[in-house]
Amino acid sequence: MPELPEVETLRRALVPLVENRTCLEMRFFRSDLRFPIPTGELKKELLGRKVSSITRAGKYLLLNAPGGAMLWHLGMSGRVTQRPSMEPVEKHTHAVFRFSPGTCLHFVDPRRFGAIAWAPSAVGHRLLRHLGPDPFSAETTAAHFKTKAKNCRAPVKAFLMDSKRLSGVGNIYACEALFTAGIRPARRAGKLSLADWDRLLEALRDTLNKSIDAGGTTLRDFFNPAGDAGYYAVDLAVYGREGEPCRRCRSPIRRRIDSGRSTFYCRQCQKR
Ligand SMILES: [Zn+2]
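Residue numbers restart at each chain and count upward from 1, following the sequence in its written direction. Only residues with pLDDT of at least 70 get local features here, since the model is predicted, and only at 80 or more are side-chain atom pairs given and counted; chain-wide, interface and lining totals rely on the full set of residues.

A. Geometry of the overall build of the protein chain. Per the convention used, a helix needs a DSSP run of H or I reaching at least four residues, while a strand needs a run of E reaching at least two, with both numbered from the N terminus. Helix and strand counts for the protein chain stand at 7 helices and 11 strands. Within these notes, the globule rule equals 2.2 Å times the number of residues to the 0.38 power, and the radius of gyration is based on C-alpha atoms. The C-alpha radius of gyration of the protein chain comes to 20 Å, within 12% of the 19 Å expected for a compact globule of 272 residues. A buried classification covers 39% of the 272 residues belonging to the protein chain. Each residue is classified by how many other C-beta atoms fall within 10 Å of its C-beta atom, where C-beta atoms are placed from the backbone; a count of 20 or more means buried, 12 or fewer means exposed, and values in between mean partly exposed.

Below, the structure is given as structure tokens:
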């Protein structure tokens with residue numbers, strides 16, 4: 001599943017292709033993904049208009065135009081590829097956009113959990129309205145989370161992954177950040193001290209940054225306008241390493257299932 005670093009990697013790759021470029025053409029091959037696609041509104045608002053910037057909120061990409069923004073979400077299996085023509089090449093190509101001078105961006109999503117939407121500048125979009133702050137936003141401070149988590153009985157890992165509280169943090173990065181910070185995934189969020197939150201948020205940003213630098217960990221076939229061979233996974237400390245020795249203390253990495261998701265952790269290193 002594309003996580004925040006993949007979305008940020010995609011955003012950076014798209015900057016030279018869409019920023020200050022005019023949207024010349026768009027074609028849709030179905031009327032819905034996870035939600036209906038507002039095809040009429042997108043055509044009316046974007047065709048012949050310039051995209052001023054491409055920004056990110058959690059795992060949403062916002063292609064900002066004069067009257068609002070086109071939102072993209074990659075869902076479970078979404079990808080954006082760059083092609084020379086509007087003609088869909090891959091199966092599950094649901095939309096194609098052409099930007100000046102001639103870049104065609106193909107939105108491909110086999111499982112169709114992704115989204116293409118329009119957020120008018122005046123009112124925003126319901127998908128963004130309840131989104132918590134991005135891990136890199138100025139709002140994301142230890143003090144903010146200490147207050148937000150007050151009396152919260154949920155495990156800190158669930159807290160981190162709740163997009164209403166913090167946007168864009170998936171299972172991989174929640175596990176890795178908790179390991180780096182030495183905090184038990186099952187610890188109640190309300191029990192974390194200010195110093196714990198400080199350590200945890202720093203670990204989270206650090207882990208995300210490493211992965212952004214490496215070009216994202218899971219989106220191997222994501223297009224790369226520079227034409228490089230591809231991206232390499234960063235070395236994950238706990239995620240996917242059940243039974244393997246912890247790199248810090250050599251005791252085996254454990255896995256438990258929390259509400260259907262695997263949690264990887266080290267019992268020795270995560271005692272806080
Ligand atoms: Zn360990």
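B. Examining the domain arrangement of the protein chain more closely. For the protein chain, the assigned domains read domain 1 (4–129) and domain 2 (142–265). Per the annotation, domain bounds derive from an automatic or database assignment of domains. One C-alpha centre belongs to domain 1, the other to domain 2, and the line joining them spans 28 Å.

C. The arrangement of the sheet that holds strand β7 (residues 93–99) in detail. Strands sit in the order β2-β1-β7-β8-β6 across an open sheet of 5 strands; the sheet is antiparallel. The open sheet has two edge strands with one neighbour each: β2 (50–51) and β6 (79–83). Strand pairing follows a simple DSSP-based rule, namely that at least 2 bridges must link the two strands. Of the strand pairs in this sheet, strand β1 (residues 21–28) and β2 are connected by 2 bridges, and their pairing is antiparallel. From the neighbouring strand, Thr22 faces β2, where its bridge partner is Lys50.

D. Structural detail: the sheet that holds strand β5 (residues 68–73). Across the sheet, 4 strands lie side by side as β3-β4-β5-β9; this open sheet has antiparallel pairing. Both outer strands of the open sheet, β3 (53–57) and β9 (115–120), are each paired with one neighbouring strand and no more. Between one strand axis and the next, the sheet turns through 25° on average, direction left out of account. Pairing of strand β4 (residues 60–65) with β5 involves 6 bridges; the strand directions are antiparallel. Note on β5: the bridge partner recorded for Asn64 is Ala69. Relative to the sheet, helix α1 (residues 4–18) contacts β3 and β4, its axis offset from that of β3 by approximately 170°. Every axis in this analysis is a line fitted to C-alpha atoms, fitted for helices over the stretch in contact. Angles between the N-to-C directions lie between 0 and 180 degrees. Contact criterion: two residues are in contact if their C-beta atoms, reconstructed from the backbone, are within 7 Å.

E. Examining the confidence of the model for the protein chain more closely. For every residue, the predictor reports its confidence as pLDDT, a number between 0 and 100. On average, residues of the protein chain score 91 in pLDDT, and 93% of them are at 70 or above. Predicted confidence is poor over residues 224–232, with pLDDT under 50, and the contacts of this stretch with residues over four places away or in other chains come to 11 contacts.

F. Local environment of the environment of Gly170. Within the secondary structure, Gly170 is located in the loop between α5 (156–161) and α6 (171–181). Overall, Gly170 belongs to the partly exposed group, with 19 C-beta atoms counted inside 10 Å. A sequence separation of 107 residues divides Gly170 from Leu63, and the C-alpha atoms of the two residues are 23 Å apart. Excluding its chain neighbours within four sequence positions, the residues that come into contact with Gly170 are Met1, Glu3 and Met161.

G. Expanded view of the packing of α1 against helix α7 (residues 194–213). For the pair α1 and α7, the least separation of the axes is 9 Å and the interaxial angle reads 45°. When the interaxial angle is binned, α1 and α7 end up oblique. Seen along the crossing, α1 lies across α7 with a hand that is right-handed. Every residue of α7 that contacts α1 at Leu4, Pro5, Glu8 and Thr9 is listed here: Leu208, Ser211 and Ile212. Lys, Arg, Asp and Glu make up the charged group, whereas Ala, Val, Leu, Ile, Met, Phe, Trp, Tyr, Cys and Pro make up the nonpolar group; the residues left over, Gly among them, are polar. Of the residues belonging to the contact of α1 with α7, the class tally is 4 nonpolar, 2 polar and 1 charged. An angle below 35 degrees is read as roughly parallel, one above 145 as roughly antiparallel, one from 65 to 115 as roughly perpendicular, and any other as oblique. Should the near helix be turned anticlockwise from the far one by less than a right angle, the crossing is termed left-handed; should it be turned clockwise, right-handed.

H. A look at the nonpolar core. In terms of nonpolar packing, the biggest core is built from 71 residues, with Leu63, Cys175, Leu178 and Val238 touching the most fellow members. No other element matches α6, which puts 8 residues into this core. Residue contributions to this core reach at least three from each of two domains, namely domain 1 (4–129) and domain 2 (142–265). Discounting residues that sit within four places of it in the chain, Leu178 has contacts with Val156, Lys157, Ile183, Pro185, Tyr265 and Gln270. When buried Ala, Val, Leu, Ile, Met, Phe, Trp, Tyr and Cys residues are joined through C-beta atoms within 7 Å, the set is termed a nonpolar core.

I. Molecular detail of unusual backbone geometry. Residue Pro101 is bonded to the preceding Ser100 through a cis peptide linkage, with omega at 0°. Along the chain, the position of Pro101 falls in the loop between β7 and β8 (103–108). With phi around 70°, His92 is a residue other than glycine that occupies positive phi space. Turning to its location among the elements, His92 is positioned in the loop between β6 and β7.

J. Seen up close, the packing of α6 against α7. Interaxial distance between α6 and α7 falls to 8 Å at its minimum, and their mutual angle equals 125°. In this view, α6 runs oblique relative to α7, as classed from their interaxial angle. For the pair α6 and α7, the crossing hand works out as right-handed. Contact residues: Tyr173, Glu176, Ala177, Thr180 and Ala181 in α6; Arg199, Leu200, Ala203, Leu204, Asp206, Thr207 and Leu208 in α7. Of the residues in the contact of α6 with α7, the class split is 7 nonpolar, 2 polar and 3 charged.

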